[in-house]
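Below, each chain spelled out in residue letters.
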Amino acid sequence: MNARTAAMFALSLAAALPAAAEPAPGGFVKDDPFTSPRTAWYREAKYGMFIHWGLYAVPAGEYNGKKIGGIGEWIMNNAKIPIPEYEKFAARFNPVKFDAAAWARAAKAAGMRYLVITSKHHDGFSMFDTKVNDYSIVKATPYKRDPMKELAAACKAEGITFCFYYSIMDWHHPEANDRGAATYIPQMKEQLRELVAQYDPGLLWFDGEWVGWWNSEKGRDLEAFLRGLKPGLVINNRVGKRKTTDGDYETPEQEIPKGALGKRLWETCMTLNDTWGFKTDDHNWKGPLEVVLKLCDIASKGGNFLLNVGPDAEGVIPEPSVRILAEAGQWVAENGEAIYGTTYSPVPNPSWGRITRKGNKLYLIVFNWPSTGTLSLALGNPVGKASLLKGGAEVKVQKTADGSGVELVVPAAAPSRPASVIVLECEGEFQAVKSLAERTADGEPMPVQADGSILLPAIGAKLVGDTLQIEGQGEENIGFWTKPGESVEWYVQPKKAGAFKVEVTYACADGYGSDYEVAVGSEKVTGTSAPTGGWQDYKTVALGTVKLGEGKVKAVVKPTTNFKQALMNLRSVKLTPAP
Ligand code: FHN
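None of these values were measured; they are calculated from a predicted model.

Colleague: What's the story with helix H9 (residues 216-229) in this structure? I'm lost.
Modeller: Compared with an ideal rise of 1.5 Å per residue, which puts 14 residues at 20 Å, H9 spans 20 Å between its outermost C-alpha atoms and is within 8% of the ideal. Those residues of H9 that sit buried are Ser-216, Gly-219, Leu-222, Glu-223, Phe-225, Leu-226 and Arg-227. Of the surrounding elements, those touching the buried residues of H9 are helix H8 (181-199), strand S6 (203-207) and strand S7 (234-235). The opening residue of H9, the one whose side-chain oxygen lies 3.1 Å from the backbone nitrogen of Glu-217, is Asn-215.

Structure, rendered in structure tokens:
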């Protein structure tokens, strides 16, 4: 079908189409997606499979013998393929190896509980049985079947919520623009009515909303229309213009927000390699470890993870995708209780891992299992029991003497790889204890241990300078100390006045180092950061003693003379009552 025919057909159809179904009488009263029963399945599911599948799988990143850069599903745009030329891919699209049950099984094995597939991407080609036009897999390809019908049934059989992606932007439709919107939008609504009526999706994932002719008013109208079709539908924010009032949740793409987005649902969508639609030459796969760590990071911030696969033109999901997702799925099968149905933790994520919350339980997802046998957590709550999620073995938990939170005593070996989960039952409303860095920022002293000693750790320091950085996870250090004018500081307030031994734990590579001082109140001791064998080869040196009263004073470490490129990687300073 050429552009002129398409235009004539669209105009004739617009005249024939029933006025798209308007929302239910009284329209749609927006409930709060963060707590609505409507989104309960979505908040439980947490992890979904994104599938980009369409005509673009035929060229698969190559056109006229040339590799086309960019994401595979944009080849029509990136290679500037004229519509009549692109339409010819339809005659070559015959996914005879498509196996809906195998796709649903792959999602299940991954631990994914919903699936979002492209019903129509920007190229305007419909991957479902539509009556609105003939530019579809049923009418324009030798395949002639409706794969979406089969996939919806297969997902249902596996207990996976079936959902659709739909692009507002349409490069094929002659009226998908400012001038023709009045014609195009009713046809778009009719296709959406078909999708809801024929396949009963749990969620509609809009995209392509950035086009200039789409606006918030049209978005609100479309959302009300859809809520009228199916009040329980979950809809993303790209139905409008990605405002926080649009749809039910935010959609960061290829990135993970730094933290929770308050009382707003969100979902990171991400490719498993570097393209959404299939490309023969994209083998840059994320591994199972990265998938698991991203899933935990996202869940700890209250997000969902929608991870993409791009099936080829024969209807096959690339084997590396299936393998990677299945391997990550083994961890999810063992530890999914820490992901499904959780929300963000009221306690900041610690350096050793991530924390999710479900009711009065915290799930401590430990990436860096401690060699010291203990884990600290800045939690102010009274705590109940703690146990390993895998196997249920009890974990001893006690409040720390210095009020910095709780300490858990853990077995020597991590129960799971790449992350182990401890379930901590809490009482009452969650109270996060200030982190050590927050205490220093507020001028509060570092905690005093039961023996009177005071640890000044990297993570509790105030960094005075713009190149200093906290590095590492689990046993952090202060690094990038490349400017002699930069220093670090803490506050100190001994329980009892007296003399304190000063020890420094640091690492330094050959060719670097400097003389430095540790000033505590009006007293100071000095040292030289001689090489220790490497930037991660730590050693502890005693620098002498300082006399301290019971008042609060500042402790400051700074380079003095003979500065050679960098001072050190500083793990901690420790003050111990001297006999
Ligand atoms: O342009 C699309 C792209 O092809 C892909 O579908 C992604 C997936 O979220 N969305 C748009 C880019 O933001």
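Anyway, onward from the coordinates.
Colleague: What exactly am I supposed to notice about the site of the ligand here?
Modeller: The environment of the ligand is formed by 15 residues, the closest being His-52, Glu-73, His-122, Asp-207 and Glu-253. With respect to the ligand, the side chain of Glu-73 contributes an N or O atom lying 2.5 Å from an oxygen atom. One of the side-chain N or O atoms of Trp-74 is found 2.8 Å from an oxygen atom in the ligand. If the ligand stood free it would expose 330 Å²; the protein chains cover 92% of that surface. Here the shell around the ligand is composed, by residue class, of 8 nonpolar, 3 polar and 4 charged.

Colleague: Before we go on, may I ask you to explain the environment of Trp-171 in this structure?
Modeller: With respect to the secondary-structure elements, Trp-171 resides in the loop between strand S5 (161-167) and H8. Residue classification places Trp-171 among the buried residues on the basis of a relative accessible area of 19%. Along the primary structure Trp-171 and Asn-77 are separated by 94 residues, whereas in three dimensions their C-alpha atoms are 8.4 Å apart. Beyond its immediate sequence surroundings of up to four residues, Trp-171 is in contact with Glu-73, Trp-74, Met-76, Asn-77, Ile-83, His-122 and Asp-123.

Colleague: Could you clarify how one ought to interpret the sheet that holds strand S10 (residues 303-309) in this entry?
Modeller: Sheet strands associate in pairs through backbone hydrogen bonding, adopting either a parallel or an antiparallel arrangement. On the basis of which strands lie adjacent, the open sheet formed by 8 strands has the order S7-S6-S5-S4-S1-S10-S9-S8 and parallel pairing. The outermost strands of the open sheet, each flanked by one partner alone, are S7 and strand S8 (249-250). Two strands pair when backbone bridges link them, and strand S1 (residues 47-51) and strand S4 (residues 114-120) are joined in this way by 4 bridges, in the parallel orientation. By the bridge assignment, Met-49 is partnered in S4 with Leu-115.

Colleague: Teacher, can you tell me more about the packing of aromatic side chains here?
Modeller: One pair of aromatic rings is described through two measures. These are the centre distance and the angle between the planes. Tallied over the entire structure, the rule returns 24 aromatic pairs. Ring centres of Phe-50 and Trp-276 lie 5.6 Å apart, and the angle between their planes is 70°; this geometry places the pair in the edge-to-face category. Placement of Phe-50 in strand S1 and of Trp-276 in the loop between strand S9 (265-271) and helix H10 (288-300) is noted, with a sequence separation of 226 residues between them. Residues Phe-50 and Trp-276 agree in their burial class; the two are buried. Between the aromatic rings of Trp-53 and Trp-103, the centroid separation amounts to 4.9 Å while the plane-to-plane angle is 70°, which identifies the pairing as edge-to-face. Here Trp-103 lies in helix H5 (residues 100-110) and Trp-53 lies in the loop between S1 and strand S2 (62-63), a separation of 50 residues in the sequence. Per residue, the accessibility class of Trp-53 equals that of Trp-103, and both read buried. Through a chain of ring-to-ring contacts, three or more aromatic side chains come together here, namely Trp-41, Tyr-42, Tyr-114 and Tyr-249. One cation-aromatic arrangement involves Lys-552 over Tyr-491; the distance from NZ or CZ to the ring centre is 5.1 Å.

Definitions and cut-offs
- Residues numbered from 1 in each chain as written.
- Predicted model: local features only at pLDDT ≥ 70, side-chain atom pairs only at ≥ 80, totals over all residues.
- Heavy atoms only, no water.
- Helix = DSSP H or I, 4+ residues; strand = E, 2+ residues; numbered from the N terminus.
- Expected span 1.5 Å × (residues − 1).
- Buried < 20%, exposed > 50% of the residue type's maximum accessible area, 1.4 Å probe, protein only.
- Contact = heavy atoms within 4.5 Å.
- Polar contact = N/O pair within 3.5 Å; in protein donor to acceptor, adjacent residues only side chain to side chain.
- Near = heavy atom within 4 Å.
- Areas by Shrake-Rupley, 256 points an atom, 1.4 Å probe, with all protein chains shown as cover.
- Nonpolar A, V, L, I, M, F, W, Y, C, P; charged D, E, K, R; others polar.
- Pairing = 2+ DSSP bridges.
- Phe/Tyr/Trp six-rings, centres within 6.5 Å; stacked < 30°, edge-to-face > 60°.
- Lys NZ or Arg CZ within 6 Å of the ring centre and 35° of its normal.

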